[in-house]
Amino acid sequence: MRRTVFNEDHEAFRETIRAFIEAEVVPVYDEWFAAGQAPRDFYHQLGELGIFGINVPEEFGGAGLESHKFEAVLYEETARAGVAFGGSGVHVLLALPYIKMLATDEQKKRFLPRFVSGEEMWAIAMTEPGTGSDLAGMKSTAKLSEDGTHYVLNGAKTFITGGVHADRMIVCARTAAPTADDRRHGISLFAVDTKSEGYSVGRKLDKLGLKTSDTAELAFVDVKVPVEDLLGEENKGFYYLGHNLASERWGIAFGAYAQAKAAVRFAKQYVQDRTVFGKTVASFQNTKFELAACQAEVDAAEAVADRATEALDAGELTPAEAASAKLFCTEVAHRVIDRCLQLHGGYGFMNEYPIARLYADNRVNRIYGGTSEIMKSIIAKDMGL
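Residues numbered from 1 in each chain as written. Predicted model: local features only at pLDDT ≥ 70, side-chain atom pairs only at ≥ 80, totals over all residues. Heavy atoms only, no water.

A.B. asks: In this structure, what is going on with the pairing of strand β4 (residues 168-174)? I would like to understand it.
C.D. replies: It is a general feature of regular strands that their side chains alternate between the two faces of the sheet. Of all 7 residues making up β4, 7 are buried, and the element is well covered by its neighbours. Here β4 shows a buried face lined by R168, I170, C172 and R174 and a second buried face lined by M169, V171 and A173. Pairing analysis gives 4 bridges linking strand β1 (residues 122-125) to β4, with the strands arranged parallel. Across the sheet, residue A123 finds its bridge partner in β4, namely M169. Relative to strand β5 (residues 187-193), β4 is paired through 7 bridges, and the arrangement is antiparallel. Its bridge partner being in β5, M169 is matched across the sheet by V192. (Buried < 20%, exposed > 50% of the residue type's maximum accessible area, 1.4 Å probe, protein only. Helix = DSSP H or I, 4+ residues; strand = E, 2+ residues; numbered from the N terminus. Pairing = 2+ DSSP bridges.)

A.B. asks: Could you clarify how one ought to interpret the packing of helix α10 (residues 319-343) against helix α11 (residues 354-362) in this entry?
C.D. replies: To describe two helices that pack against each other, one gives the angle between their axes and the distance between the axes. Taken N-terminus to C-terminus, the directions of α10 and α11 make an angle of 155°; their axes are 10 Å apart at the nearest point. On the basis of their axis angle, the class for α10 and α11 is roughly antiparallel. By crossing handedness, the relation of α10 to α11 is classed as left-handed. Mapping the contact onto sequence places A333, H334, I337, D338, C340 and L341 in α10 and I355, A356, L358, Y359 and N362 in α11. (Axes fitted to C-alpha atoms, helices over the stretch in contact; angles between N-to-C directions. Parallel < 35°, antiparallel > 145°, perpendicular 65-115°, else oblique. Left-handed = near helix turned anticlockwise from the far one by under 90°. Contact = heavy atoms within 4.5 Å.)

A.B. asks: What exactly am I supposed to notice about the packing of helix α8 (residues 245-273) against α10 here?
C.D. replies: Taken N-terminus to C-terminus, the directions of α8 and α10 make an angle of 20°; their axes are 8 Å apart at the nearest point. As the angle between them shows, α8 and α10 are arranged roughly parallel. Handedness of the α8/α10 crossing: left-handed. Of the residues that constitute the contact of α8 with α10, the class distribution is 19 nonpolar, 2 polar and 2 charged. (Nonpolar A, V, L, I, M, F, W, Y, C, P; charged D, E, K, R; others polar.)

This is the structure:
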């Protein structure tokens with residue numbers, strides 16, 4: 001079936017990205033994998049390539065587009081090559097929507113040009129030790145100073161993607177206590193300069209997968225945050241966070257589909273090259289049936305991912321639809337990648353093969369952005385159950 005989600009501009013962008021990955025990423029990716037992060041200079045390269053500015057207004061140095069389809073191309077091309085762009089995904093997919101939605105004109109003039117160039121990398125700090133997905137239970141606080149010029153931030157965060165390299169961190173903290181009938185009240189968002197005194201990066205976390213993505217623990221001890229760096233209104237942070245969940249879950253869904261598609265490509269190539277008992281692994285009926293079943297699942301996931309992309313670009317992707325897309329695509333990717341790894345035999349367990357890294361990277365898709373169980377709850381509620 002012919003896809004209709006991409007046009008000539010997207011395909012030209014695909015060619016550029018594919019060439020960039022082959023020339024600048026693939027030759028050094030093993031070094032990044034061993035180091036546990038991409039080098040900071042790499043993000044300047046992405047800025048020069050224009051990747052960070054696609055959805056940024058032209059007046060701030062961006063392309064001024066309002067589409068997630070170029071991001072979708074990035075998901076497909078990085079998965080196809082078995083690589084990742086470090087922790088840069090959170091910079092665009094998670095942080096940018098908050099800047100565009102909440103920042104004042106003055107803030108946009110300060111933040112966005114450096115955002116586009118990669119001079120200032122952004123991330124977002126929500127999760128805290130002991131709270132997990134329960135954002136309303138966060139303990140970090142930001143108290144307004146007596147003279148009203150700044151907030152004093154204290155607390156800790158964990159599982160923060162992009163936390164090592166970030167120059168600006170959107171920190172969620174309590175500016176007021178929860179009310180008796182609304183425990184979500186009292187959370188605010190701040191664009192914190194990571195060079196501020198009292199701001200510290202703790203452990204770079206050793207993860208099962210996503211090895212080139214810098215994920216860290218953060219601590220704040222009497223960090224002074226100028227009032228000019230408050231994003232949006234005080235105490236409304238929880239509602240802002242919910243506003244962008246659909247796009248975040250779309251990104252996870254599309255990325256998972258792209259990984260599943262790449263897994264079939266890796267497995268097909270491997271079984272055609274690998275010989276056992278005097279025959280290629282591809283010649284066995286079981287291999288053909290397994291890959292055919294995987295391809296059918298990938299086709300279905302592609303249709304779901306494309307439909308969600310069109311809805312997101314049209315501003316029509318509902319929370320339940322985003323949850324459904326995430327649930328379906330991540331579960332498909334889980335099954336497909338596992339079966340494709342099995343076809344590699346023992347070599348599938350070796351990190352030198354992209355299928356092994358893909359297997360580890362994919363596992364978190366059913367956890368972050370809301371677990372599969374949470375997605376089912378959202379869908380069931382939308383069904384009136």
